[in-house]
Amino acid sequence: MAIRNLRYEDDEILKKRSREIEVIDEKIKELAQDMMDTMHKWDGVGLAGPQVGVLKRIIVIDLYEENTQYTLINPIIIKEKGTQEVSEGCLSFPNKYATVKRPKEVVVEALDIEGKKVKIKAKDLLAQALCHEIDHLNGIVFTDKMEPGTLEIVKPEENGKK
Ligand code: CO
């Protein structure tokens, strides 16, 4: 288990587009495990490569319910339906939250960590998390999309986190 250093809001890497992963080798598997561990350490529901300084198209998600842990390589959104207006945060923006409009439902295609094609039909929070993390792979962060005037800064002692 290795916790990687997170990159934070003004870091240029968060504005860059990540590259496709062509071979899922041991290094990628280690990266995936480290990303999962790093996300869990900070109680996040998702994390993308650039947030740990790696410009590769890989995301991890965990909604902390049964069967909601995902490691996805080269994910793409192939369908979107509806909209939801949601409060959103990001491990790269500690203690900041804002309202963002996301699709209510998405279908995502990706490879799993074994290189097998997977198709995920997602709605609500999972759809939100997938869109947020895939945005990271395109150099887009949630504050780029927030509804004007909705940014909130929550002091650490108020939400019980470090
Ligand atoms: Co994020």
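Refer to the structure above for everything that follows.
Worth saying up front: this structure is predicted, and the values here are computed from it rather than measured. (Residues numbered from 1 in each chain as written. Predicted model: local features only at pLDDT ≥ 70, side-chain atom pairs only at ≥ 80, totals over all residues. Heavy atoms only, no water.)

Some thoughts on the overall build of the protein chain
Right, on to step 1. Each helix and strand in the protein chain was counted, giving 4 helices and 8 strands.
Right, on to step 2. For the protein chain, the N- to C-terminal ordering of α and β elements is α-β-β-β-β-β-β-β-α-α-β-α.
Right, on to step 3. The C-alpha radius of gyration computed for the protein chain amounts to 15 Å, which stays within 12% of the reference 15 Å derived for 162 residues, consistent with globular compactness.
Right, on to step 4. Dimensions of the protein chain, computed from C-alpha atoms along their principal axes, come out at roughly 40 × 35 × 30 Å.
Right, on to step 5. In the protein chain, the proportion of contacts linking residues at least 24 apart, taken out of those at least 6 apart, comes to 65%.
Right, on to step 6. Of note, the protein chain has its 26 positive side-chain charges centred 4 Å away from the centre of its 30 negative side-chain charges. (Helix = DSSP H or I, 4+ residues; strand = E, 2+ residues; numbered from the N terminus. Rg over C-alpha atoms; globule rule 2.2 N^0.38 Å. Contact = heavy atoms within 4.5 Å. Lys, Arg positive; Asp, Glu negative; His and termini not counted. Charge placed at Lys NZ, Arg CZ, Asp CG, Glu CD.)

With respect to the coordination of the cobalt ion
Right, on to step 1. For the cobalt ion, the full set of protein donor atoms is C90 (SG), H132 (NE2) and H136 (NE2), at a range of 2.0 to 2.2 Å.
Right, on to step 2. Site description for the cobalt ion: donor spacing in sequence, C-x41-H-x3-H. Separated by 4 residues within a single helix, H132 and H136 lie in helix α2 (residues 124–137), roughly one turn from each other. The residues H132 and H136 share a single accessibility class, namely buried. (Donors = N, O, S within 2.8 Å, 3.2 Å for Na, K, Ca; no water. Buried < 20%, exposed > 50% of the residue type's maximum accessible area, 1.4 Å probe, protein only.)

Some thoughts on α2
Right, on to step 1. In a regular helix each residue adds 1.5 Å, so 14 residues correspond to 20 Å; α2 covers 21 Å between its end C-alpha atoms and thus fits that length.
Right, on to step 2. Within α2, 12 of the 14 residues are buried, which leaves it mostly tucked inside the rest of the structure.
Right, on to step 3. When we look at burial in α2, the residues that qualify are L126, A127, Q128, A129, L130, C131, H132, E133, I134, D135, H136 and L137. (Expected span 1.5 Å × (residues − 1).)

Examining the environment of A129
Right, on to step 1. Mapped onto the fold, A129 is located in helix α2.
Right, on to step 2. Sequence-wise, A129 and R102 are 27 residues apart; in three dimensions their C-alpha atoms are separated by 9.5 Å.

Comments concerning the pairing of strand β6 (residues 105–111)
Right, on to step 1. As judged from the 6 bridges shared by strand β3 (residues 69–81) and β6, these two strands associate in the antiparallel manner. Looking across to β6, one finds that E80 is bridged to V106.
Right, on to step 2. When β6 meets strand β7 (residues 117–123), the two strands line up antiparallel, connected through 7 bridges. The residue of β7 that forms the bridge with V107 is K121.
Right, on to step 3. What sits between β6 and β7 in their antiparallel hairpin is a turn of 5 residues, with G115 showing a positive phi close to 90 degrees. (Pairing = 2+ DSSP bridges.)

Focus: the packing of aromatic side chains
Right, on to step 1. One pass over the structure, following the stated rule, counts 1 aromatic pair.
Right, on to step 2. When the centroid spacing of 5.3 Å and the interplanar angle of 85 degrees are considered together, the rings of F93 and F142 count as edge-to-face. Residue F93 is found in the loop between β4 (84–88) and β5 (96–102), and its partner F142 is found in helix α3 (residues 142–145); the two are separated by 49 residues along the sequence. Assigned by exposure class, F93 and F142 land together as buried.
Right, on to step 3. Between the NZ or CZ atom of K41 and the centre of the ring of W42, over which it lies, the distance is 5.0 Å. (Phe/Tyr/Trp six-rings, centres within 6.5 Å; stacked < 30°, edge-to-face > 60°. Lys NZ or Arg CZ within 6 Å of the ring centre and 35° of its normal.)

Brief notes about the environment of V141
Right, on to step 1. The topology assignment puts V141 in the loop between α2 and α3.
Right, on to step 2. According to the relative accessible area criterion, V141 is buried, its value standing at 3%.
Right, on to step 3. A sequence separation of 49 residues divides V141 from S92, and the C-alpha atoms of the two residues are 9.1 Å apart.
Right, on to step 4. Apart from residues lying up to four places away in sequence, V141 is in contact with L14, K15, F93 and H136.

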